[in-house]
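Structural characterization, general
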Amino acid sequence: MIVKTMPMKHLSSLLLLSTAALQVGCAPASESSTQKAPSASAKMTSDTGTESPKNIIVFIGDGMGISTITAGRIFVGQEKGQMGEENMLSFDTFPQLALIKTYNTNAQVPDSAGTATAILSGYKTNIGAVNIKPVSDVQKMFLEGCGGDVSPTLTDKAKTSGKSVGVISTARLTHATPAAMYSHSVSRDIEADKDLKAPFDYDGCVSISQQLIDSDVDIAIGGGRKEFTDAQVAAWPGAVVSNKAELMSAPNDQRVLGLFNSSHMSYEADRAETEEPSLAEMTTYTMDRLSSDPEGYVMMVEAGRIDHAHHGSNAYRALKDLQALDEAVAAAVAKADKDTLILVTADHSHVFTMAGYPARGNPIMGLVRGVDRKTGGPDADYTLDKDGKPYTTLGYHNGPNVREADSDTLTDNMVQDRDYRQQTAVHLGSETHAGEDVALYATGPGAERFSGVMEQNEIGETLEAFLAK
Ligand SMILES: [Zn+2]
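What counts, and where the lines are drawn
Residues numbered from 1 in each chain as written. Predicted model: local features only at pLDDT ≥ 70, side-chain atom pairs only at ≥ 80, totals over all residues. Heavy atoms only, no water. Pairing = 2+ DSSP bridges. Helix = DSSP H or I, 4+ residues; strand = E, 2+ residues; numbered from the N terminus. Axes fitted to C-alpha atoms, helices over the stretch in contact; angles between N-to-C directions. Contact = heavy atoms within 4.5 Å. Parallel < 35°, antiparallel > 145°, perpendicular 65-115°, else oblique. Left-handed = near helix turned anticlockwise from the far one by under 90°. Donors = N, O, S within 2.8 Å, 3.2 Å for Na, K, Ca; no water. Tetrahedral: all angles 85-135°; square planar, octahedral: opposite > 155°, others 65-115°. Buried < 20%, exposed > 50% of the residue type's maximum accessible area, 1.4 Å probe, protein only. Expected span 1.5 Å × (residues − 1).

A few words on the sheet that holds strand β4 (residues 219-223). Pairing within the open sheet is mixed, and its 10 strands lie in the order β5-β6-β4-β3-β7-β1-β8-β14-β2-β15. Of all the strands in the sheet, just β5 (238-241) and β15 (452-455) have a single pairing partner and so form its edges. Put simply, the sheet's adjacent strands are angled 15 degrees from each other on average, direction ignored. Each of β1 (55-61), β3 (164-172), β4, β6 (255-259) and β7 (297-303) is contacted by helix α11 (residues 279-290), which is oriented at about 165 degrees to β3, the strand it contacts most. On top of the sheet, helix α13 (residues 315-335) reaches β1, β7 and β8 (340-346); it is set at about 170 degrees to β1, its chief contact.

Okay, the packing of α11 against α13 next. One can describe the packing of α11 onto α13 by two numbers: an axis separation of 7 Å at closest approach and a directional angle of 25 degrees. When the axes of α11 and α13 are compared, the pair comes out roughly parallel. You can see that α11 and α13 cross each other, and the crossing is right-handed. The residues of α13 that touch α11, namely those facing Leu279, Ala280, Thr283, Thr284, Met287 and Asp288, are Ala324, Leu325, Glu327, Ala328, Ala331, Ala332 and Lys335.

What follows is about the coordination of the zinc ion. Here the zinc ion is held by Asp307 (OD), Asp307 (OD), His311 (NE2) and His433 (NE2), and the distances to it run 2.0 to 2.3 Å. The coordination sphere of the zinc ion comprises 4 donor atoms, whose angles at the metal cover 57 to 150 degrees; the geometry is irregular. Among the residues examined, Asp307 registers a relative accessible area of 5% and is labelled buried.

This part takes up α11. For α11, spanning 12 residues, the distance from its first C-alpha to its last is 16 Å, which sits close to the expected 16 Å at 1.5 Å a residue. Buried residues dominate α11, accounting for 10 of its 12 residues. Listing the buried residues of α11 in full gives Leu279, Ala280, Met282, Thr283, Thr284, Tyr285, Thr286, Met287, Arg289 and Leu290.

This is the structure we're talking about:
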């Protein structure tokens, strides 16, 4: 193997490695007893009685922090004609709940590559790396990541235990989160063969798209056609489909690669019903197909575009994509048998806030009207800031649309437009991820293993333990 020298300029920006304590692990969470809601300490001490699920479905709302879930719950409730706050999302009723610590080995606020590695493969790694173990020497990490020894992916573990595998995403199938189901890549940016150029032109490096073609995934459906060459698509050992009708009529005895958009699939708000399947349709299709495996299945379902809408500080599209995830989880719960473990979590949060004392039932996308302390109902007028201007309930800490004293006076028409970008405090071209814990909701056999405050990699460790049985 020819050893190339890493360009340091790139390395310093891409992979800021710390030299100590890179392998963030916990003692593998040992199995809990069968009590309903074991404490975190009980979870670590008892090793009897946990049932391993036959089927596992991991839903990941990319960037779905807790503020997104709360605002989305109200958004969905108001779309149903409720005041909104009383609404329950499909996963709000799950019996088990945990808070998840999301940091990457070298980043306080993480990205999706490192977090998806933790969720799906059971170890934390560097920001930007997909299923590559973090080591203190960056060059060694690149060399090992390209053709060196690599640990099994969740797809490999599922296959070893005889199960079928489904990968579903509304993002490109080669994007960081779905990539962590089946590939290893020193950088999430090596999606296509054309990306194998400096600084990623290492001997042995294989694009994420090629690794999907070479993988054992049975059903892979989502976006990202442009990341695959025609030869790669032709090499897929099964059916290739490009729209909803083709998916629904794909032969039942073949593996399926579905690429429904050149890049990411459309936001739910913009989706053409006849062209692209919904997240719920993709979920139930894959469950129907994989449930024919008597050994069971493992599926990852990503609502990938909640994150993208947030990066554009466009709350409407983020909440519509959360609504699509809510519907997909509801469809999965309705279809799943008692042997199916369903997890719903996020990889990381966003700097998205819900604030300002709006009255009960105030339109979640709207301007704040406070509570009239005399009547107890909503104020007739908008609440005003120190500059005498109304403001929205939803906002972002950073992003492109900074609120300033001379900003235009907002109207409800403006802020309830689907293309409106909520205001921010810090001026950035793209809104950023946030570092606080995310939630994990669990139901089904083994759900009791998820409780308390958990390191994100404990999720993947627990899945591995289930599959090892
Ligand atoms: Zn993001």
